[in-house]
Amino acid sequence: MLPKFLQKGDIVALVAPAKKLDVSIVENARKHLENWGLQVIVGESATASFHQFSGDDEVRRKDFQTQLDDPNVKAIICLRGGYGSARIIDQLDFSEFVKFPKWIVGYSDITVIQNHILKNFNIASLHAEMPLNFPKFQQTNESLNALENAIFGEFESFEIPSDSLNKMGSAKAELVGGNLAILCNLLGSNSEINTDGKILFLEDIGEYLYSIDRMMMTLKRAGKFDKLAGLVVGQFTNIKDSDIPFGKNVYEIIAEHTEKYDYPVMFDIPAGHCDINKALIFGAEYAMNVSEKMCTFYRTTASTV
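Residues numbered from 1 in each chain as written. Predicted model: local features only at pLDDT ≥ 70, side-chain atom pairs only at ≥ 80, totals over all residues. Heavy atoms only, no water.

**Q** Sorry if this is basic, but what is going on with the layout of surface pockets here?
**A** One water molecule sets the probe size; rolling that probe over the atoms shows where empty space is left. Roughly 350 Å³ of volume is contained in the largest pocket. As for the largest pocket, its lining consists of 19 residues, of which G82, Y83, D109, I182 and N185 are closest to the centre. Listing elements by their share of the lining of the largest pocket, those giving two or more residues are helix 6 (180–185) and strand 8 (199–205). For the lining of the largest pocket, the element with the most residues is helix 6, which contributes three residues. Of the residues belonging to the lining of the largest pocket, the class tally is eight nonpolar, seven polar and four charged. In this structure, the second largest pocket spans a volume of roughly 230 Å³. For the second largest pocket, the lining is made up of 13 residues, of which P3, K4, K74, F100 and P101 are closest to its centre. Classifying every residue of the lining of the second largest pocket by side-chain character gives eight nonpolar, no polar and five charged. (1 Å grid on protein atoms, 1.4 Å probe; cavity = no way out; pocket = protein on both sides within 12 Å on 5 of 7 lines; lining within 4 Å. Points joined across faces, edges and corners; volume = space filled by probe spheres on them. Helix = DSSP H or I, 4+ residues; strand = E, 2+ residues; numbered from the N terminus. Nonpolar A, V, L, I, M, F, W, Y, C, P; charged D, E, K, R; others polar.)

**Q** What is the right way to read unusual backbone geometry from this model?
**A** Note: most peptide bonds trans; most residues except glycine with negative phi. Q138 follows F137 through a cis peptide bond whose omega is 10°. Within the secondary structure layout, Q138 lies in the loop between strand 5 (125–127) and helix 5 (142–151). Here the phi dihedral of H51 falls at roughly 55°; this positive angle occurs in a residue that is not glycine. One can find H51 in the loop between strand 2 (39–42) and helix 2 (57–69). Positioned with a positive phi, N122 is a non-glycine residue whose angle comes to about 55°. With respect to the helices and strands, N122 occurs in the loop between helix 4 (111–121) and strand 5. Residue classification places N122 among the partly exposed residues on the basis of a relative accessible area of 43%. (Buried < 20%, exposed > 50% of the residue type's maximum accessible area, 1.4 Å probe, protein only.)

**Q** How do you make sense of the sheet that holds strand 8 when you look at a structure like this?
**A** Backbone-to-backbone hydrogen bonds pair the strands of a sheet. The strands run either parallel or antiparallel. With mixed pairing, seven strands are arranged side by side in an open sheet as 6-13-12-7-8-9-10. The sheet is open, and its two edges are formed by strand 6 (158–161) and strand 10 (265–272), each paired on a single side. Neighbour to neighbour, the strand axes of the sheet diverge by 30° on average, direction disregarded. Pairing analysis gives five bridges linking strand 7 (residues 169–179) to strand 8, with the strands arranged parallel. Directly across from L175, in strand 8, lies its bridge partner I199. (Pairing = 2+ DSSP bridges. Axes fitted to C-alpha atoms, helices over the stretch in contact; angles between N-to-C directions.)

**Q** I'm lost on helix 7 (residues 209–221) in this one. Help?
**A** Under the 1.5 Å per step criterion, the end-to-end length of helix 7 is 18 Å for 13 residues, consistent within 8% with the ideal 18 Å. Among all positions in helix 7, only L209, S211, I212, D213, M215, M216 and L219 are buried. Buried residues along helix 7 sit against helix 6, strand 8, strand 9 (230–237) and helix 8 (250–258). G223, located one to two residues past helix 7, shows a positive phi value of around 80°. (Expected span 1.5 Å × (residues − 1). Contact = heavy atoms within 4.5 Å.)

**Q** Quick question: what am I supposed to make of the pairing of strand 9 here?
**A** Looking down a regular strand, the side chains alternate between one sheet face and the other. Within strand 9, eight of the eight residues are buried, leaving the element largely enclosed by the surrounding structure. The pairing of strand 8 with strand 9 spans six bridges and is classified as parallel. Bridge pairing in strand 9 places L202 opposite V233. Since strand 8 and strand 9 lie parallel, the crossover through helix 7 that links them has a hand, and here it is right-handed. Examined bridge by bridge, strand 9 and strand 10 share four bridges and lie parallel to one another. By the bridge assignment, L231 is partnered in strand 10 with V265. The β-α-β motif built from strand 9, the intervening helix 8 and the parallel element strand 10 has right-handed crossover chirality. (Right-handed = clockwise from strand over helix to strand, strands pointing away.)

**Q** It is not clear to me how the pairing of strand 7 should be interpreted in this structure. Could you clarify?
**A** Pairing between strand 7 and strand 12 (residues 285–290): six bridges, direction antiparallel. Residue pairing in the sheet places A171 in a bridge with M288 of strand 12.

**Q** Could you clarify how one ought to interpret the environment of S211 in this entry?
**A** Within the secondary structure layout, S211 lies in helix 7. Residues S211 and D69 lie 142 residues apart in sequence; the distance between their C-alpha atoms is 38 Å.

**Q** Is there a simple way to explain the nonpolar core in this structure?
**A** Generally speaking, soluble globular proteins have nonpolar side chains that are buried together. W103 and F297 are the most contacted members of the largest nonpolar core, which totals 77 residues. The next biggest cluster of nonpolar side chains, apart from the first, holds 22 residues, and it includes I76, C78, I110 and M130. (Core = buried A, V, L, I, M, F, W, Y, C linked by side-chain atoms within 4.5 Å.)

**Q** When you look at the pattern of salt bridges in this model, what are you seeing that I'm missing?
**A** Between side chains of opposite charge, a pair can form when the charged atoms approach closely. Counted under the stated rule, the structure contains eleven salt bridges. Two residues, E256 and K248, come together in a salt bridge whose shortest N-O distance is 3.8 Å. Residues joined in a network through salt bridges with shared partners are E27, R30 and E34. (Salt bridge = Lys/Arg side-chain N within 4 Å of Asp/Glu carboxyl O.)

**Q** How should I be thinking about the state of the cysteines in this particular structure?
**A** Each disulfide is one covalent bond, formed between the sulfur atoms of two cysteines. Applying the stated criterion to the full structure yields zero disulfides. With no disulfide of its own, C78 lies closest to C274 among cysteine sulfurs, the gap being 18 Å. Here C274 stays free of any disulfide, with the sulfur of C295 as its closest cysteine sulfur at 17 Å. (Disulfide = S-S within 2.5 Å.)

This is how it looks when you write it as structure tokens:
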């Protein structure tokens, strides 16, 4: 189920379910969103602080719950990631959210919430730029433009040159995924990802190469690669190596762990922790076509709730 895309005049809420941030970022986000014709609610967690978190667990839970329960709020835009969503996910009540689905927007640590609602309630979410990275008002960039277009229901197709590590083929299936480290951390929980028959998207930031290899092994041993329809790999940024080099780069590690499977694999799409972070819908149907010279990846037509 896809929530309804937004229209001018709709209400959106800014919340921070994870790490804290400077109030200037909140104000900058409000200006951008109001400039798009939206009404903006600034949640309590947006300006709260408790050690590294945007308020203690109860502040963040209560704020997110308030926005989930309000049928007038059409989108919950998470201000940033970091760490913290896993600490509140099991205390959230989604009964009102299921009656009045709305877009939950974010990525990185927000993978916890996005995967939880998709698995348990079959409701889609928007993997897109977050206000932490918005340019200063009234400037714009490709990531911000992609978010604006997506929230109003417009998505562009990905068309990128083929990477040498790609695996040829085509697939059409539901898109799932998100941050690699978070997906591993969700294993064994009520939010564990279901990849059977799906196109899986992966991205991450700030990890060591050996850690990427370990996480890929973890998902592989858990059977998460066995029945994929396809794999789409986004950006892995600020990746580190050990004093003794690991010997492979990120894409080579991922290619090694998926080489025995016969589904298509597409590397290097502009989404994730990167300068150009294009919007994706987890829970929507996507089509991918990987050929020798050019690759395409796009959302197929689907109705909203």
